[in-house]
Amino acid sequence: MEPVRRKALVDAALRVIGDHGSLAVTMSDIARQAGVSPALAHHYFGSKEQLLIETIRSLLRQLRSDTVAALKAARTPRARLSAVIRVSFHADQFAPETIAAWLAFYAEAQRSEETRRFLVIYARRLRSNLLADLKALLPADAAERIAEGAAAMIDGLYIRQSLKSAPIGIEASIALTEDYLNALLATASPSPRSEKAQPHRTIQGQMT
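Counting from 1, residues in each chain are numbered in the order their sequence is written. Given that this is a predicted model, residues contribute local features only at a pLDDT of at least 70 and side-chain atom pairs are listed and counted only at 80 or more, while totals for whole chains, interfaces and linings are drawn from all residues. For side-chain calculations, the full set of non-hydrogen atoms in the structure is used, while hydrogens and water are omitted.

**Some details on the overall build of the chain**
Thinking step 1. Secondary structure elements follow DSSP: runs of H or I no shorter than four residues count as helices, runs of E no shorter than two count as strands, and numbering proceeds from the N terminus. Each helix and strand counted, the chain has 9 helices and 0 strands in total.
Thinking step 2. Residue burial in the chain is summarised as follows: out of 208 residues, 43% are buried.
Thinking step 3. Of the contacts formed within the chain by residues at least 6 apart in sequence, a portion of 71% connects residues at least 24 apart.
Thinking step 4. Here the open area of atoms and residues is found with the Shrake-Rupley method and a 1.4 Å probe, where only the protein chains shown may cover a residue. Surface exposure of the chain reaches about 10500 Å², of which carbon and sulfur atoms provide 56%. Note on exposure labels: buried denotes an accessible area under 20% of the residue type's maximum, exposed denotes more than 50%, and partly exposed covers the range between, all computed with a 1.4 Å probe on protein chains only. Note on definitions: a residue-residue contact is assigned when non-hydrogen atoms from the two residues lie within 4.5 Å.

As structure tokens, this is what we get:
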């Protein structure tokens, strides 16, 4: 039962953080949502801080798993770029409680070095996945510039989704990012390797 209850507590933490819009929640709040006692929650995680760290680890593991699956299904560098974009705006990632949790963790990263480290893992992983296939299409300097811009656009559109008065849907977010990528790919000089489909490579940024 331990893995089942640990997952239930992580899922409950995500929902409670989403409802509150911050990490200012208690272990009792999370335990109540999970349908277990606070004592059991402490038994499995030791403290609220450790449960919150496991929650962000869970978000990163799921995002990485989805990305690996999407990249395996893509056969060309350009298709893999589209796969990374689509996974970034996956319906699960756009769930209101997930968006609220990500924003809460970004705020917490200003105070918590451990939380900041996990968010750096996410940022490096996204950039690395974009850059790996852009380098197959473009010279290194152009690939670096476009990877930075695409990653910033993905993060910016995701944050805008949290603005209830001006949300941007999944397909619109994907289309905007694809338009940005297509426009820059059309104007940049191709890489000598761009005529060849590159073999699938290992996704960057292993979890610690």
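**Brief notes about the confidence of the model for the chain**
Thinking step 1. Scored from 0 to 100, pLDDT reflects the predictor's confidence in each residue. Looking at the chain, the pLDDT average stands at 87 and 89% of residues meet or exceed 70.
Thinking step 2. Within the chain, helix α5 (residues 77-88) carries the highest mean pLDDT (96), whereas helix α6 (residues 96-108) carries the lowest (88).
Thinking step 3. A low-confidence stretch, residues 197-203 (pLDDT under 50), is modelled with 22 contacts involving residues beyond four sequence positions or located in other chains.

**Focus on the pattern of salt bridges**
Thinking step 1. Any carboxyl oxygen of Asp or Glu that lies within 4 Å of a side-chain nitrogen of Lys or Arg is treated as forming a salt bridge with it. If you walk through the whole model with that rule in mind, you get 11 salt bridges.
Thinking step 2. Asp 29 serves as the salt-bridge partner of Arg 32, at 3.3 Å between the closest nitrogen and oxygen. Here Arg 32 pairs with Asp 29, and both are found in helix α2 (residues 27-34), just 3 residues apart, close to one helical turn.
Thinking step 3. Residue Arg 80 pairs with Asp 133 through a salt bridge whose shortest N-O separation is 2.9 Å.

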